[in-house]
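Fold and geometry: a report
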Amino acid sequence: MNPRIGTMVRLQQNGPSFDHLVAAGLRCCQLVSWEPSLWTPECAARLKNQIATYDLRVTAFWAGWPGPAIWNLVDGPRTLGLLPQEYRAIRVASLKRAADFAHLVGLPAIITHVGFVPEEPANPLFHELVATVRDIALYADQLGLQFWFETGQETPVTLLRLILSVNTPNLGINLDPANLILYGKGNPIDALDVFGSYVRNVHAKDAFYPTDPMQLGREVKVGEGRVRFPEFVRRLEDIGFTGEYIIEREISGNHQHRDILDTIHYLDRLLTPHT
Ligand code: MG
């Protein structure tokens, strides 16, 4: 199995369960949590132990933030990430706690959605966002951590503008190609022309574009949507991407498990074409 293939593993009350990951023959994952109450030194110590026992590589901590989150094109801009003024301070504090936790576990990076980044450089909200992200990124940098943007709620050019404006040394992109499609913000293969050199991890996820302009498009199993995975992976490898492909399938139960197993083999074939 290609060692660059991994999945998302959710942090839970009694620590995450790595059983599915290991049973699938994988040793690589991103840890995800929207529950700051779990980000304790005790949990970090337990986690560190498990990571060593299973000999895992955890590439990043994907941290959510408190307050409402409405994942559509109408209410998303006023609820998601660091844009909404009423939740900004509490979310900044929470992301700094996430950085503390990642540092305690010994992980290299934190990831989040910063929200619908304003597309106009002169928009005052864009400047507020730059200052807010810089505050968090500098905090992470001081702990030796990278800060990676999860893509999708902004066009690739706007994300590049945000990175260059924040201008700290530890910024990168967690490229979710399906999100660019789900939010109707761009073609993920062409996006590599814009911000390819900043891509550190990839979410292996697929989707169709929105047909209802108020709602996101439809997420599907990798290989069945509009990402065009063979071309996408080839282009990433051509530009020198050496990071991990972390599988995401945003459904639950047996169906999710089956699709993830299929995707592991699908990606393995794409990354190692002659086996
Ligand atoms: Mg994602």
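Up top is the structure these notes are about.
Residues numbered from 1 in each chain as written. Predicted model: local features only at pLDDT ≥ 70, side-chain atom pairs only at ≥ 80, totals over all residues. Heavy atoms only, no water.

Broken down by element type, the protein chain carries 10 helices and 10 strands. The C-alpha atoms of the protein chain give a radius of gyration of 18 Å, which matches the 19 Å a tight globule of 275 residues would have. Dimensions of the protein chain, computed from the C-alpha atoms along their principal axes, are close to 50 × 45 × 35 Å. The buried share of the protein chain, taken over its 275 residues, is 54%. Pairs at least 24 apart in sequence give 75% of the contacts found in the protein chain among residues at least 6 apart. Computed over 25 positive and 30 negative side-chain charges, the separation of the two mean positions in the protein chain equals 1 Å. (Helix = DSSP H or I, 4+ residues; strand = E, 2+ residues; numbered from the N terminus. Rg over C-alpha atoms; globule rule 2.2 N^0.38 Å. Buried < 20%, exposed > 50% of the residue type's maximum accessible area, 1.4 Å probe, protein only. Contact = heavy atoms within 4.5 Å. Lys, Arg positive; Asp, Glu negative; His and termini not counted. Charge placed at Lys NZ, Arg CZ, Asp CG, Glu CD.)

Turning to the coordination of the magnesium ion, a few remarks are in order. The magnesium ion binds to the protein through Glu150 (OE), Asp176 (OD), His203 (ND1) and Glu248 (OE); the donor distances cover 2.1 to 2.2 Å. Considered as a linear motif, the donors of the magnesium ion on their single chain read E-x25-D-x26-H-x44-E. Here histidine 203 lies in strand E7 (residues 199-204) and aspartate 176 lies in the loop between strand E6 (171-175) and helix H7 (177-182), a separation of 27 residues in the sequence. When sorted by exposure, aspartate 176 lands in the same class as histidine 203, which is buried. (Donors = N, O, S within 2.8 Å, 3.2 Å for Na, K, Ca; no water.)

Attention now moves to the sheet that holds strand E5 (residues 146-150). Ordered in space as E1-E2-E3-E4-E5-E6-E7-E10, the eight strands form a closed barrel in which the pairing is parallel. Across the sheet, the mean angle separating the axes of adjacent strands is 30° when strand polarity is ignored. Of the pairings in the sheet, the one linking E7 to strand E10 (residues 244-247) comprises four bridges and is parallel in character. Paired with histidine 203 across the strands is isoleucine 246, a residue of E10. Taken strand by strand, helix H9 (residues 229-238) contacts E6, E7 and E10, and its axis lies near 165° from that of E7. (Pairing = 2+ DSSP bridges. Axes fitted to C-alpha atoms, helices over the stretch in contact; angles between N-to-C directions.)

Taken by themselves, the reported measurements are silent on function.
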